[in-house]
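In case you want the letters, here they are:
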Amino acid sequence: QFLKEYYPNIRTRIIYFLTKHKFNYYNDGHVILEYYSSKYSKWIAIDFTRSVLYLKNDIPLSAYEILNTDDIKYDIYNTNLIDINFRNCDYNYTFFEEYSYSSEGFNEYKKRIFNIIIMMNDNGNLYAISGKHNKRIANKYPNIKFISEKLFEKKYYGE
């Protein structure tokens, strides 16, 4: 909302990722932002929570490319990471967070979380690529609509 109000010329959208693995109620999904880059003529994923850009051959990736690319590098643009204590949890997850920024930890993080992409259209409707996890996704998001991968790619990345 902030960007829409104060920077209306910057095209942005929210992207939801969901794990295909059994939920552990800690790292079952993630939310990032995409903006349309004139420089690259495509959508670019920005992970504000983790202060990260995801790259392939030094080119920033879209959320869809993150989902479909194996050899991803990442660029942390805020090296002053915040120490999160998780004081309201029964368990301190800080070391999991710190580990996820290592090369090995990032690969595990990507494998766990970047499995299912969910988009929201301007009307607030959620869309996901139809597949073997439809029932599981629909249990979490009852009003979600499933479309083919080809239609999903055209609808959200065909510019």
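What counts as what
- Residues numbered from 1 in each chain as written.
- Predicted model: local features only at pLDDT ≥ 70, side-chain atom pairs only at ≥ 80, totals over all residues.
- Heavy atoms only, no water.
- Core = buried A, V, L, I, M, F, W, Y, C linked by side-chain atoms within 4.5 Å.
- Buried < 20%, exposed > 50% of the residue type's maximum accessible area, 1.4 Å probe, protein only.
- Helix = DSSP H or I, 4+ residues; strand = E, 2+ residues; numbered from the N terminus.
- Contact = heavy atoms within 4.5 Å.
- 1 Å grid on protein atoms, 1.4 Å probe; cavity = no way out; pocket = protein on both sides within 12 Å on 5 of 7 lines; lining within 4 Å.
- Points joined across faces, edges and corners; volume = space filled by probe spheres on them.
- Nonpolar A, V, L, I, M, F, W, Y, C, P; charged D, E, K, R; others polar.
- Pairing = 2+ DSSP bridges.
- Salt bridge = Lys/Arg side-chain N within 4 Å of Asp/Glu carboxyl O.

Caption draft 1: Representation of the nonpolar core within the structure. Core analysis: the biggest nonpolar cluster contains 26 residues, and Ile-15, Phe-17, Tyr-54, Ile-117, Phe-152 and Tyr-157 have the highest contact counts within it. No other element matches helix α2 (residues 63-67), which puts four residues into this core. Among all residues touching Phe-17, those that are not within four sequence positions of it are Asp-28, Gly-29, His-30, Ile-32, Ala-63, Leu-67, Ile-113, Phe-114, Ile-116 and Ile-117. Among the nonpolar cores identified, the runner-up in size contains seven residues, and Ile-118, Leu-126, Ala-128 and Ile-137 belong to it.

Caption draft 2: Molecular detail of the layout of surface pockets. Of the volumes computed, that of the second largest pocket is approximately 560 Å³. Taken together, 18 residues form the lining of the second largest pocket, with Lys-4, Thr-12, Arg-13, Ile-14 and Asp-122 sitting closest to its centre. At the level of secondary structure, the elements contributing two or more residues to the lining of the second largest pocket comprise α1 (2-6), β1 (12-18) and α6 (149-157). Counting residues per element, the lining of the second largest pocket draws most heavily on β1, at four residues. A class-by-class count of the residues in the lining of the second largest pocket yields nine nonpolar, three polar and six charged.

Caption draft 3: Layout of the pairing of β1. Where β1 lies against strand β2 (residues 29-37), seven bridges are found, and the strand directions are antiparallel. Looking at the pairing, Arg-13 lines up with Glu-34 of β2. Note: β1 against strand β7 (residues 116-120), four bridges, orientation antiparallel. Looking at the pairing, Ile-15 lines up with Met-119 of β7.

Caption draft 4: Structural view of unusual backbone geometry. Here the phi dihedral of Ser-41 falls at roughly 55°; this positive angle occurs in a residue that is not glycine. In this structure, Asp-58 is a non-glycine residue whose phi angle is positive, near 65°. The residue Asp-58 is located in the loop between β4 (52-56) and β5 (59-60) in this model.

Caption draft 5: The arrangement of the pattern of salt bridges in detail. Tallied over the full model, the rule gives four salt bridges. A salt bridge links Arg-13 to Glu-34; its shortest N-O distance comes to 2.8 Å. Placement of Arg-13 in strand β1 and of Glu-34 in strand β2 is noted, with a sequence separation of 21 residues between them. Classification of Glu-34 by relative accessible area gives buried; the value is 0%. Of the charged contacts in the structure, one is a salt bridge between Glu-65 and Lys-42, with a shortest N-O distance of 2.6 Å. Separated by 23 residues along the polypeptide, Glu-65 in helix α2 and Lys-42 in strand β3 (residues 42-47) bring together distant segments of the chain. Here Glu-65 falls in the partly exposed class, since its relative accessible area comes to 26%.

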